[in-house]
Each structure stands twice: as C-alpha cells, then as structure tokens.
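If you want the building blocks of each chain, they are given just below.
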Amino acid sequence: MKQLTNINFIFKQKAIFFISKFHFLNFILIFSILLLVLSGCRVKDDQSRNISESDIDFNQSTVEIQNLLLEAQKNLLFNDLDKAKEILNIVKNKNPKEDVAYYLLSKYYQLVNKWDSANYSINMAINLSPDNLYYLEQSANILVNLRKYKDAAQRYETLIDKNPNVIEYYFNAAQMFLMAYMPNNSLEVLTKLENKHGFMPEVGFYKYQIYALLNKNDEALDELWRCIQYDPSNLEFKKEYSSFAIEKGKITALYRLVQWAKQRDSSDGYAALFASNYYFAINKTEEMKKELLIAIQDQRVDFQDKLQVILSSLDNPNIDDTFINQLFDILKNLHNDKAETYNIIGLYYQSKNMLDSSIYNFKKALMLDSTNDATYRNLILAYQSKNSYDSMLFYSNKALSFYPDISEFFFYGGYAAFMIKDYNQCILLLNNALNYLTSKNKNLINTINELLANAYYETGQYDKSFDYFEKSITANPTNATLKNNYAYFLAQQDTLLNKALNLIDEALRLEPNNPSFIDTKAWILFKLNNLTEAKKWIDKALIYNDSDPDILEHAGDIYYHLNLKDEAITFWQKAINNGKNLDLVNNKLKGE
C-alpha cells in the first residue's frame, strides 16, 4: 500500500511543527513559528492593564509546551529517541490533554517498532481531537503494521467521510478490506468512489480483479469492458479481457470483443489475435490459422506477444507442422535480429527430437545474444540428449564465463565431465555447484553427492568417496543403485566386506531381479572366499544377463578359483567379445 505523506505541521489553535522531508526548511519553519508564538505574548503598553496575571501564566505555559514539543520533534528528527520520549512525557504531565504529544509519542513508538504502544498513543490523540485527519492517517498506518486490516479499512472510511475528495483514501480502504478477506466491502468502497468522482479505469480494473476473485465472471468481464470503452487504445485491457474470457469459457463475451475490434480496424493484428482465440474456442482450425497469420505478419503486434502465440500453437494438436514452419518463416523474415526467434525454433525442434536442427538454431540465437542464459541452458540440454558430452562441457564452461554464480551450469559441466571420465574437472565443477546451492535444492544436492562419490573413487580418493556415499545413502535410503555401487566399491578395495554384503542385500530387497546387483553380491561373496555361494549368485546373474562383460569376467574369476578352468576361459573370452578390456582379460588368460 502506498503510504500517505506526512504533513509538516498541525494547527490546532497553536502553531506546531512536524517532520518535513526538506530538512533545510525545518529550521526556517521552527524559527518562524517561534517568532509567531513569541509575538503572541507581546502586548502594547495601553493593553497591559487589561491582562490578568492568570492570562499571562496561561500564555507562558502554552509557550513552554510548544517549545518542548518543538524540542521533542527535533530529537525525533535527529534520532535522539530517548530524549524525545523524555520530553513528551514531561509535556503529558504538564498537560494530559495535549493531543500533539500523543501523536508524537506514536511516532516515537513507530520508530522503535513498538506498534501496540504506537496504536495506544495515536488513539489517545484521536480521542482528544477526533476530526484531525493526520491523526486518523497515522492510526491507519499503524493498524496496517499491526495487521489489523479491518480496523485500518474502517479508519480510511472515517477519512473518506471527513474528506471525500481524497481518492487515495478509497483505494487504501478497498485494499485493507481485501486483506481482511472482505471483498464485498472493497467493492462497496470502490462503488462509492465512482459515485463521487465518476468512472476511472483504475477503479474498473480493480473491481474486475475482485469480481474474478469472487468467481463472478460476468461482472468481472463487464468491468473490463467498461475499461475498454473508456480507453479503447489501452491494449492491456483488451488482452486481459480476451485471456479471461477464454479461461472462463465465455465465448459470447469473446465474440463481442472480436466484433468490436474488427469494426475499429479489420487489419489490426491484435484484432486478429482475439479472433484466433475465438476460433480456437469454437474449434474452427482453418479460420484460426488464417487469423494467426495476420497477427504474426503485423508489425504493430509486439514481438513477445507473437512468441506467446507461437508457443500456444506448438501445444495445439490441431495445428500441423507445416503451418508451424510457416509461422517460423514469417518470424525469421520479420525478426531475424532477435535471439528469441531462433530460441523458440530450437525449442520446437528439440521437442521433436530433431536435435541437430535444435542445436543449429540455439547457436544462431547465441550469435545474436551471447549472454542469454536460457539459450545456453537449451543448447546444453540438447547436447546432453545427443550424448555429446564434450560439447555439453564446452558450453557449460562458456556459460559460466557469463554466469559464474549459477549452480546449474556448474552441475551441467560436472555431469558432462563425469561422462567423459574427466573426473578431476568433474570434482572441481560439482564442488563449485554445491557452493551456490541452498538446502532447498535437496534433489540436486543428492545427485551431485552421488556423482562426487563415484568421481572421488575413480581418482583414488577412497575416503572422500565413501564419505559421499554415506551422505548420499542417508539422504536416499531407498536408492538401490546407490547401495549397489557403494557395496561394489567397498568389495573392490577389500574393505568393510560385511558392510558391503549388508548394503547389497538391502539393494536386492528393493530390486531382487537386477542382474548388476546379483553380480555385486556374487563378487562380494567371492571376496569373502565363499566360492560356492558366489557361484550360485553369478549363475543367477547370467540367467538375467549373459552378455554383460563385467558379469562374464566375474564369472570367469569365480569359476577359475573353483578350478573350473575351461568354463572360466570361455567366460573370459566372451567378456572380450562383448567389449571388456582385452589386455585385462588376456593377462588372466596368460596366467593360465
């Protein structure tokens, strides 16, 4: 809510100075008022005989109180708050009915964030001077801070009754009633404003929003229509009317807008947009497409509105790819200097899994705007979909040169580095990603921890690897793959084998038929020298997958140690045939 402007001074049979934002004028006003006050105490010689001593005492007391109030105001101005409060309490003791003292005390309590005390003080001032508009304004502001919105609204209604020409009072009252969940009262206040000051589009739009909140859609559209008729050139009113009518299924109302807009200018692109919305609502696809072409070709239609129309068209199952490409051609002819043109085309091709075409357009967009973070994001994800991890890493690092504090780009780069087995760069990028993430990003943090667990293992930093596995499993206790990998790495290092066995059993309870998990259990049992059980589990893994090179190699190792050497050699040979490292397996064959 816009805060009401403080006044500089209040006259109530006396001249009192208040805070002004023009500090250099404050002192001029102070001395001017002091001069007035002092001049009020001087009398001509021939009048002196007519003034009683009690009158003189009263005037002196009044001057003293005024001086104290001026001193308190100065202390408030210069933030000497304790001194200001002390002086104001002295004034209250001298004159308990000094309303200005209570007003200034409310200012003091406002400055020290004691809003209940501020409310009490301003109410005391109002009780002493109920017609003072400035006190009522101060009271309303305090009630807002106390979140007593209904009371604040009623204060503004009192202000309206006392000064109905201040339009701001009506808007503030309406807003406070809304915040108090009393929308009908808001409408009453706004109607009172219209009755007093005539129709204003700001009021009409406000009433539209309230009617929409109340689901009174016809009344809401009527208010918007009044706004359109009052200011036909205001495009936002017409766009809001069109979108609201579509959202609420008010086809007749939408047709009214189309007819009116077309009569004003049949070539207007926005009239064509409204018409396309209408035809979409009544399922007339060809007529809709005709109007869309008019809209896209009209230079008067804002570029962002054209993009929004095209985005909507992409989601429309009745619009074919040929027409979409026609729209793209028009967009490129008219707006080939805008990166968003190629961004939206790239997104379309990406949605169609035409990744080369999407990448081409995203790169075109970057040529026009090399700093657009959305374009980098789209391009990086397109390369990820293509499994082009070198390019994914390249553009992630390029994006980071413009946006060094966006964790998302660190993550993309770290992921790409992991996929190309550049584990050191992966670790560097992912740790940077963690530096910029908050606890709200739990899913991404968990993914990064899991990647780091694997990356640290691949670089031989086993303690760090296992620490990250522990973190990851704590955060994802039902992640079977995570438990399998941790168990397998422990077995590879011949450490904590019983822990590894427990982990793989937990994973198998979640996915009992996963051949990789079954293979891991066989391998752990092999490491525990439980060869008979190891053979049972590796045979089971082969039932589910007899072509995986790792499973085949493990089968060879287990069979070999059971003195089943011919079968072992057969398994090793199959492992080579299915992509296993030739030298690694050949060493075992040579050993034989």
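Everything here concerns the structure above.
About the criteria used
- Within each chain, residues carry numbers counting from 1 in the order of the written sequence.
- Restriction of local features to residues with pLDDT of at least 70 applies here, the model being predicted, together with a cutoff of 80 or more for giving and counting side-chain atom pairs; totals for whole chains, interfaces and linings are based on all residues.
- Side-chain measures here rest on the full set of heavy atoms in the structure, leaving out hydrogens and waters.
- Numbering goes from the N terminus for both helices and strands, where a helix is a DSSP run of H or I of at least four residues and a strand is a run of E of at least two.
- Only protein chains enter the accessibility calculation, which uses a 1.4 Å probe; a residue is then buried when its area is under 20% of its type maximum, exposed when over 50%, and partly exposed in between.
- Only heavy atoms enter the contact rule, under which two residues are in contact if any of them lie within 4.5 Å.
- Accessible areas in this description were obtained via Shrake-Rupley with a 1.4 Å probe; residue shielding takes into account the shown protein chains only.
- Under this scheme, a helix contributes an axis fitted over its contacting stretch, all axes are lines through C-alpha atoms, and angles between N-to-C directions fall in the 0 to 180 degree range.
- Here roughly perpendicular refers to angles of 65 to 115 degrees, roughly parallel to angles under 35, roughly antiparallel to angles over 145, and oblique to all remaining angles.
- Left-handed describes a crossing in which the near helix is turned anticlockwise from the far one by less than a right angle; the clockwise case is right-handed.
- Charged means Asp, Glu, Lys or Arg here, nonpolar means Ala, Val, Leu, Ile, Met, Phe, Trp, Tyr, Cys or Pro, and polar covers whatever is left, Gly included.
- Residues enter a nonpolar core if they are buried and are Ala, Val, Leu, Ile, Met, Phe, Trp, Tyr or Cys, with the set joined through side-chain atoms within 4.5 Å.
- Here the expected length of a helix is defined as 1.5 Å per residue gap, with one fewer gap than residues.
- The directions considered for the arc are those from the helix axis to the C-beta atoms.
- A pair of Phe, Tyr and Trp rings is counted when the ring centres sit within 6.5 Å of each other, with Trp represented by its six-membered ring. The angle between the planes then sorts it: under 30 degrees is stacked, over 60 is edge-to-face, the rest tilted.
- A ring is scored as having a charge over it whenever the NZ atom of a lysine or the CZ atom of an arginine sits within 6 Å of its centre and within 35 degrees of its normal.
- Should a side-chain nitrogen of Lys or Arg be within 4 Å of a carboxyl oxygen of Asp or Glu, the pair is scored as a salt bridge.

A. Up close: the overall build of the protein chain. Scanning the protein chain from N- to C-terminus turns up 32 helices and two strands. In the protein chain, buried positions account for 45% of the 592 residues. In the protein chain, the share of contacts with a sequence separation of at least 24, taken over all contacts with a separation of at least 6, comes to 49%. As presented, the protein chain carries roughly 30,400 Å² of accessible surface, and 48% of it is formed by carbon and sulfur atoms.

B. Geometry of the packing of helix α3 (residues 81-94) against helix α4 (residues 99-111). Their axes nearest at 10 Å, the elements α3 and α4 cross at an angle of 155 degrees. It follows that α3 is roughly antiparallel to α4 by the angle criterion. Classified by chirality, the crossing of α4 by α3 is left-handed. Residues L81, D82, K85, L88, N89, V91 and K92 of α3 form the contact with α4, whose own contacting residues are A101, Y102, L104, L105, Y108, Y109 and L111. Partitioning the contact of α3 with α4 into residue classes produces ten nonpolar, one polar and three charged.

C. Representation of the environment of R509 within the structure. Residue placement: R509 occurs in helix α27 (residues 497-510). Along the backbone, R509 and A480 are 29 residues apart, and their C-alpha atoms lie at a distance of 8.6 Å.

D. View of the nonpolar core. Ranked by internal contacts, the top residues of the largest apolar core, which has 98 residues, are L69 and Y241. Broken down by element, the residue count for this core peaks at eight residues, all from α4. Listed in part, the 75 residues of the second largest apolar core include F409, I445, F466 and L552.

E. Examining the packing of helix α28 (residues 515-527) against helix α30 (residues 549-561) more closely. Packing of α28 against α30 leaves a shortest axis separation of 10 Å and a crossing angle of 30 degrees. Here α28 lies roughly parallel to α30, going by the angle between them. Both α28 and α30 take part in a crossing whose hand is left-handed. Residue-level inspection shows P515, D519, A522, W523 and F526 of α28 in contact with α30, the latter providing D550, I551, H554, D557, I558 and H561. Across the contact of α28 with α30, the residue classes break down as six nonpolar, two polar and three charged.

F. Up close: the side chain of N361. In this fold, N361 is placed in helix α19 (residues 355-368). Excluding anything up to four places from it in sequence, N361 contacts Y342, I345, G346 and Y349.

G. Focus on the environment of L528. Inspection of the secondary structure assignment puts L528 in the loop between α28 and α29 (531-544). C-alpha of L528 to C-alpha of L501: the two residues are 27 residues apart in sequence and 9.6 Å apart in space. Discounting chain neighbours no more than four positions away, the residues touching L528 are L497, N498 and L501.

H. Focus on unusual backbone geometry. In the Ramachandran plot, N215 falls in the positive-phi region, its phi being about 60 degrees despite a non-glycine side chain. Here N215 shows up in the loop between α10 (201-213) and α11 (217-230). At L496, a residue that is not glycine, the phi angle is positive and equals roughly 50 degrees.

I. Highlighting helix α5 (residues 115-128). Here α5 spans 20 Å end to end across 14 residues, near enough to the 20 Å set by a 1.5 Å rise per residue. Along α5, the positions that sit buried rather than exposed are W115, A118, N119, S121, I122, A125 and I126. Buried residues of α5 fall within an arc of 170 degrees about the axis and therefore sit on the same side. Along α5, the residues that are exposed and aim more than 90 degrees away from the buried face are D116, Y120 and N127. Along its buried surface, α5 packs onto α4, α6 (133-145) and α7 (149-162).

J. Broad picture of α29. Here α29 contains 14 residues, and its C-alpha end-to-end distance of 20 Å stays within 8% of the 20 Å for a straight helix at 1.5 Å per residue. When we look at burial in α29, the residues that qualify are L531, A534, W537, I538, A541 and L542. An end-on view of α29 places all buried positions within 145 degrees of arc, on one side of the element. More than 90 degrees from the buried face of α29, the exposed residues found are T532, K536 and I543. Where α29 is buried, its residues meet α27, α28, α30 and α31 (565-577).

K. Layout of the packing of aromatic side chains. Under the definition given, this model contains 35 aromatic pairs. Arranged with centres 6.2 Å apart and planes meeting at 10 degrees, the rings of F171 and Y206 form a pair that is stacked. Of this pair, F171 sits in helix α8 (residues 167-179) while Y206 is found in helix α10, placing the two residues 35 residues apart along the sequence. Looking at F171, the relative accessible area reads 23%, which means it is partly exposed. Three or more aromatic residues link up through ring pairs in this structure, and these residues are Y457, Y462, F466, F469, Y486, Y488 and F489. Directly above the aromatic system of W225 lies the positively charged group of R256, at a separation of 4.3 Å from the ring centroid. Here the basic side chain of K471 rests over the ring of Y468, its NZ or CZ set 4.5 Å away from the ring centre.

L. Region of the structure containing the pattern of salt bridges. Taken as a whole and judged by the stated rule, the model has 28 salt bridges. Linking K289 and D320 is a salt bridge whose minimum nitrogen-to-oxygen distance equals 3.2 Å. Highlighted residues: K289 in helix α15 (residues 285-297) and D320 in the loop between α16 (303-314) and α17 (321-334), separated in sequence by 31 residues. D505 is paired through a salt bridge with K521; the nearest N and O atoms lie 2.8 Å apart. A residue pair is termed long-range when its members are at least 10 positions apart, and D505 in helix α27 and K521 in helix α28 qualify at 16 residues. On the accessibility criterion, D505 (22% relative accessible area) is partly exposed. When salt bridges with common partners are traced through the structure, they connect E194, K207, E223 and R226 into a single cluster.

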